[in-house]
Amino acid sequence: MKKPIRVAVTGAAGNIGYALVFRIASGEMFGKDQPLILQLLEIPVEGPQKALKGVAMELEDCAFPLLQDMVLTGDANVAFKDANWCLLVGSKPRGPGMERADLLKDNGKIFIAQGQAIDAVAADDARVAVVGNPCNTNVMIAASQAKRLTADRFTAMVRLDENRGRALLARKAGVAIDEVSDLFIYGNHSPTMFADFTHAKIGGKAAAEVIGDEAWLKTEYLPAVGKRGAAVIEARGQSSAASAANALVDHVRDLTTVGQVHSAAVNSEGRYGFAEGVWAGMPVRTTAPGTYEVITGFEMDAFAKSKIALTNDELVGERETVKDMLG
Ligand code: NAI
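Each value, and the rule that gives it
Residues numbered from 1 in each chain as written. Predicted model: local features only at pLDDT ≥ 70, side-chain atom pairs only at ≥ 80, totals over all residues. UniProt positions renumbered as here; feature names shortened; annotations may be inferred. Helix = DSSP H or I, 4+ residues; strand = E, 2+ residues; numbered from the N terminus. Buried ≥ 20, exposed ≤ 12 C-beta atoms within 10 Å, placed from the backbone. Contact = placed C-beta atoms within 7 Å. Near = placed C-beta within 6 Å. Nonpolar A, V, L, I, M, F, W, Y, C, P; charged D, E, K, R; others polar. Domains from an automatic or database assignment. Expected span 1.5 Å × (residues − 1).

Re the UniProt feature "binding site: substrate" (unreviewed entry) in the chain
The residues that UniProt annotates with the feature "binding site: substrate" (unreviewed entry) are Arg94, Arg100, Asn133 and Arg164. The largest pairwise C-alpha distance within this set of annotated residues, which runs over 71 residues, is 24.2 Å, so the set is dispersed in three dimensions. When you line up the elements, asparagine 133 lands in the loop between strand S5 (127-130) and helix H5 (135-145). Looking at where arginine 164 falls in the secondary structure, it is placed in helix H6 (residues 159-173). For arginine 164, a count of 23 C-beta atoms within 10 Å puts it in the buried group. Sequence-distant contacts of arginine 164, that is, excluding residues within four places in its chain, are made with Val225 and Arg228.

Quick look at the site of the ligand
In the vicinity of the ligand, 28 residues are found, and the nearest of them are Gly11, Gly14, Ile16, Gly90 and Asn133. Sorting elements by how many residues they give to the shell around the ligand places helix H1 (residues 15-25) first, with three residues. For the shell around the ligand, the class distribution of residues is 14 nonpolar, twelve polar and two charged. Both domains that furnish three or more residues to the shell around the ligand are identified here as domain 1 (5-156) and domain 2 (159-323).

Points about helix H10 (residues 242-255)
Between its terminal C-alpha atoms H10 stretches 20 Å, which fits the 20 Å expected from 14 residues at 1.5 Å a residue. Three or more residues of H10 are buried, namely Ala244, Ala245, Ala247, Leu248, Asp250, His251, Val252 and Leu255.

Digging into the UniProt feature "binding site: NAD(+)" (unreviewed entry) in the chain
Taking the UniProt record as the reference, the feature "binding site: NAD(+)" (unreviewed entry) is found at Gly11, Ala12, Ala13, Gly14, Asn15, Ile16, Gly17, Asn107, Gln114, Val131, Gly132 and Asn133. Along the polypeptide, isoleucine 16 turns up in helix H1. On the basis of neighbour count, isoleucine 16 is assigned to the buried category, with 25 C-beta atoms found within 10 Å. Beyond its immediate stretch of four places on either side in the chain, isoleucine 16 contacts Gly11, Val89, Val131, Ala241, Ala244 and Ala245. Tracing the chain through its elements places asparagine 107 in helix H4 (residues 100-121).

Okay, here's the thing in structure tokens:
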């Protein structure tokens, strides 16, 4: 039997948390032979703490063989203690009349504190994946607080956009989802992100050729992927939760499975025309469990470059708003 790993989840009693923790405990994220201890963080307030207890009761009632223990807490230093994976889902939703800049700053404070706590108490091999929005900027803030853990340990999730983009292409082409490959997400997890259909493949052939409708790809497909989150809110009255949890399962499972090629938001290091030091979605290949390299070989045409410039501008603007929060 393998040694159990410690997996910290923040916002564990929230919508995504509720759709997520059962899948982690069942072995979908780290494998059916990997025992684990869940360390669940919620804000130290009666309501969320009580809800967290309820989630833990249900986890117990599932009798998952892999779930060896649970820690329920309102203290980040307890939640991240010796954690091998820190999944940062919890953040503050945008309130009525709240400006985006206020949201950035309010959430930024959470990620300063959590970045510091992770750096202080998490395991030496800790990996951090951020879902809480604005996730690209939140992960940059958390990473900037870390003195012990290197920036490559911090990723943010653009996998939901990749999954949405693949599903939409498959539907348009009338093929099974497995036929769609090489669709990577560049930039911010926001409507400005660029789902790079120019290198995507359907059944091994260029997607643009198979679809045969460039105008649709540029003017309907891209906005549809970018605004899919808003469309789900409009239909469901709540933001994507099950699909977001599913995307995080994919994100982490692919980051721990050698050879997987997928999209993740990582420290750009100036690649693909992004500003140095912003966290931007791009294609990565997992080289060892939890370790990846950025795939740098894709040549971008003028259209792709213009889309990347747009999403880069947004990332740079977000960084400017939180510049006082960067450690
Ligand atoms: P939610 O509001 O249902 O749950 C968030 C939970 O986080 C709440 O239970 C809250 O008490 C908790 N929380 C807030 N601050 C916390 C802190 N400092 N420490 C620990 N817990 C804290 O929201 P939901 O639907 O679960 O979404 C969570 C986040 O994920 C949101 O920011 C949302 O915008 C984002 N999201 C990101 C996606 C992506 O693709 N990157 C996709 C969908 C949502």
